[in-house]
Amino acid sequence: MIIGTGIDLVDIPRFERTLERTPRLLERLFAPSERGLRLPSLAARYAAKEALIKTLGGSDGVHWTEIEIASEPSGRPHFVLSGSTAAVIEERGITRLHLTMSHDAGLATAFVVAEGAPL
């Protein structure tokens, strides 16, 4: 059963300017394993984190660095959640998260579907 969906779109040049103005954002928004990625990949991961928060209906109990986006050997992205963020997912009855991301032409986007057991 679908519990929620979320989508986000990021203007990559604007995102770059924001990171340049506030360098500490990199540490506040991204897990250590994500910080060395190229700008378009960072923007897509930011969009994925925003889309997950929209899927949940808000950010209560969610912490940015506890949301990591990793890739399977095939390249398929997936969430690696920890701490209170993982607890929020479990409390909401979410058993699976589906994620897709893309970036092109100065934009990055992500779409998330949260799935749970039927009631």
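Residues numbered from 1 in each chain as written. Predicted model: local features only at pLDDT ≥ 70, side-chain atom pairs only at ≥ 80, totals over all residues. Heavy atoms only, no water.

Asks: Please set out the packing of aromatic side chains residue by residue, giving values where relevant.
Replies: Enumeration according to the criterion identifies three aromatic pairs in this entry. Summarising the aromatic geometry, the rings of Phe-15 and Tyr-46 are spaced 5.3 Å apart at their centres and angled 35° between planes, so their arrangement reads as tilted. Linking Phe-15 in helix α1 (residues 12–21) with Tyr-46 in helix α3 (residues 39–56), this pair joins segments that are 31 residues apart in sequence. Ring centres of Tyr-46 and Trp-64 lie 5.3 Å apart, and the angle between their planes is 5°; this geometry places the pair in the stacked category. Placement of Tyr-46 in helix α3 and of Trp-64 in the loop between α3 and β2 (67–71) is noted, with a sequence separation of 18 residues between them. (Phe/Tyr/Trp six-rings, centres within 6.5 Å; stacked < 30°, edge-to-face > 60°. Helix = DSSP H or I, 4+ residues; strand = E, 2+ residues; numbered from the N terminus.)

Asks: So what about α3? Which residues, and what values?
Replies: Look at α3: 26 Å from first C-alpha to last across 18 residues, which is about the 26 Å you get at 1.5 Å a residue. Within α3, 15 of the 18 residues are buried, which leaves the element mostly enclosed by the surrounding structure. One or two positions beyond α3, positive phi appears at Gly-57, with a value near 80°. (Expected span 1.5 Å × (residues − 1). Buried < 20%, exposed > 50% of the residue type's maximum accessible area, 1.4 Å probe, protein only.)

Asks: Tell me about helix α4 (residues 83–91), residues and numbers included.
Replies: Since there are 3.6 residues in each turn of an α-helix, residues three or four apart along the chain are aligned in direction. Every buried residue of α4 is listed here: Thr-85, Val-88 and Ile-89. Along the axis of α4, the buried positions cluster into a sector of 100°, meaning they face one direction only. Across from the buried face of α4, at angles greater than 90 degrees, the exposed residues are Glu-90 and Glu-91. Those residues of α4 hidden inside the fold are in contact with α3, β2, β3 (77–81) and β4 (94–104). Gly-93 sits one or two residues past α4 and shows a positive phi near 80°. (Arc of directions from axis to C-beta. Contact = heavy atoms within 4.5 Å.)

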